[in-house]
Structures are given as C-alpha cells and as structure tokens.
Amino acid sequence: MTRLIELREKIFGLYRTHSRVIISVMKFVLALFTFQTINSQVGYMGALNHIYVVLVLAVICALLPINVMIFIAGAMVLAHLYALALEAAVTALLFFLIMFFLYFRFTPRDGYGVVVTPMAFTFHIPYVMPVGIGLLGGPSSMISMIFGTMLYYFLYGIRNNASLLDNMAGEEETSSKFVVALNQLLGNKEMYLVIAALVLAMLVVYVIRRRFIDLSL
C-alpha cells in the first residue's frame, strides 16, 4: 500500500510539473478517438469521413477548451445525420439544444463526461464512468454522464435503423422518420435502465468517497 501511495504522489508531481502538455496531449487523443468513433458509427457524410479531417480537428481541440470538442463533435453528428435523413438531424439538434442548456447551466466544467461516456460504451466498459465521476466529481456531474449515455443509445439506434430512414420517401413518410428517430430517445427502456444503474453506482462511489475513511479519496 505504501508503494502505491508513493507512486500516486509521483504521478501527481509529474502532472503538476507538465500539466499543460499532458492536458493538451490527452485532449488530442480523446478528440482523435471521438471523431474517429463518430465517423465509424454514423459516417454518412463522405466529406467528413477522412483521417486528415479528424487529425486537423483533433489538433484544434488540443489547443482549445474541452467545450470546443463537444461543439465540434455535435456538429459532426448533425452533418452525418443530415446526410442520412433530415428528420434524424432535427431530432438530434433538439436533443443537443436541451443537453447544452442543462449542461452549461449545471455542469459547465464536466465536458469530459459527455465525450468519454459514449466512448466507454463503444469499448464495452461503461461502468468506468460512474466510478470515475464518483471519485473525481460531485452529484451534479452525473448530468454529463446521463447525456453521454443518451447520446450513445440515440446514435446506436439511428445506426440500426439507417436503412429504414434512408429508404423512406414522400411527405407521409416524414412523420414516420421523426417517430423512428424520437423512439431512439423516448422509447428505449433499456437506456433508462442503464442510466438508473449508472447513477446508482456513481452515488454509491461518491458516498464512500465522502466518508471519513483512511485513503477513501
């Protein structure tokens, strides 16, 4: 245990000395994986589905605040969904507007949660999020995790229904496309169950962290 504590202090010391470089590199890597994942999951617009575009955007995100990455990722998602179906893009836009309103109102500094949560689901390790947020954040930080989870399930549902959205045509089918897109958010019972489990796990970790126990932080 003593060696682990010493290793932790060395890591913290290294971070404090080179924090700017480390943060920039971490943001570059996170942006690179985020944009590549978006292209691989919903890459319907060919102009954005290139590694050179991803690299340029990742470099920009490495030099700017984390919220810029969220805006760029959101713009990429909207562009890809627009190439698939206008109705899907409009539904995503409404979701983003609600997310940004609540996110900037309550947790403007927890942008990493919104970006990392869908990535964690993609790599099949979603429960690192409640543990990490419970250890490093507060109860309000769960908002970013919740929206990140909703974003993942929305894009996952859109991808599974892409052929249906793409083949629908005509004015009568417009309402059907909206129903399909909205159901990925409003009618997904699995998503609600997963969100409840993540929130509960995060609160348990947070409560343990806040108790007066040696080395609980």
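My aim in this report is to walk through the structure given alongside it, one point at a time. (Residues numbered from 1 in each chain as written. Predicted model: local features only at pLDDT ≥ 70, side-chain atom pairs only at ≥ 80, totals over all residues. Heavy atoms only, no water.)

### Things to note about the overall build of the protein
Looking only at helices and strands, the protein features eleven helices and zero strands. Along its sequence from the N terminus, the protein presents helices and strands in the succession α-α-α-α-α-α-α-α-α-α-α. Here the protein holds 217 residues, and the buried ones make up 42% of them. Once local pairs closer than 6 in sequence are excluded, the contacts in the protein between residues at least 24 apart make up 73%. About 12,700 Å² of surface is accessible on the protein, with carbon and sulfur atoms providing 69% of the total. (Helix = DSSP H or I, 4+ residues; strand = E, 2+ residues; numbered from the N terminus. Buried < 20%, exposed > 50% of the residue type's maximum accessible area, 1.4 Å probe, protein only. Contact = heavy atoms within 4.5 Å. Areas by Shrake-Rupley, 256 points an atom, 1.4 Å probe, with all protein chains shown as cover.)

### So, a nonpolar patch on the surface
A contiguous nonpolar patch, built from Val-21, Val-25, Val-29, Phe-33, Phe-123, Ile-125 and Val-128 and spanning about 620 Å² of accessible area, is present on the exposed surface. Sort the elements by how many residues they give to the nonpolar patch and helix 2 (residues 19–42) lands first, with four residues. Turning to its location among the elements, Val-21 is positioned in helix 2. (Patch = residues over 30% accessible without salt bridge, like charges linked within 9 Å, V, L, I, M, F, W, Y side chains within 5 Å. Salt bridge = Lys/Arg side-chain N within 4 Å of Asp/Glu carboxyl O.)

### Quick word on the side chain of Thr-37
Mapped onto the secondary structure, Thr-37 falls in helix 2. Once residues lying within four places of it in the same chain are set aside, the contact partners of Thr-37 are Met-119 and Thr-122.

### Section: helix 11 (residues 189–210)
Compared with an ideal rise of 1.5 Å per residue, which puts 22 residues at 32 Å, helix 11 spans 32 Å between its outermost C-alpha atoms and is within 8% of the ideal. For helix 11, the full list of buried residues reads Met-191, Val-194, Ile-195, Leu-198, Val-199, Met-202, Val-205, Tyr-206 and Arg-209. When helix 11 is viewed along its axis, its buried side chains cluster within an angular range of 135 degrees and face the same direction. Pointing more than 90 degrees away from the buried face of helix 11 are the exposed residues Lys-189, Leu-193 and Leu-200. The opening residue of helix 11 is Asn-188, an N-cap whose side-chain oxygen sits 3.2 Å from the backbone nitrogen of Glu-190. (Expected span 1.5 Å × (residues − 1). Arc of directions from axis to C-beta. Polar contact = N/O pair within 3.5 Å; in protein donor to acceptor, adjacent residues only side chain to side chain.)

### Things to note about unusual backbone geometry
For His-124, which is not a glycine, the phi torsion comes out positive at approximately 60 degrees. In this fold, His-124 is placed in the loop between helix 6 (111–122) and helix 7 (128–136). On the basis of relative accessibility, which here comes to 69%, the residue His-124 falls in the exposed class.

### Here we look at the packing of aromatic side chains
Scanning the model with the defined rule gives nine aromatic pairs in all. With a centroid separation of 5.3 Å and 80 degrees between ring planes, the pair formed by Tyr-152 and Tyr-153 is classed as edge-to-face. Here Tyr-152 matches Tyr-153 in class, with each residue buried. An aromatic cluster is defined as three or more aromatic residues linked by ring pairs; in this entry it consists of Phe-71, Phe-95, Phe-96, Phe-100 and Phe-147. (Phe/Tyr/Trp six-rings, centres within 6.5 Å; stacked < 30°, edge-to-face > 60°.)

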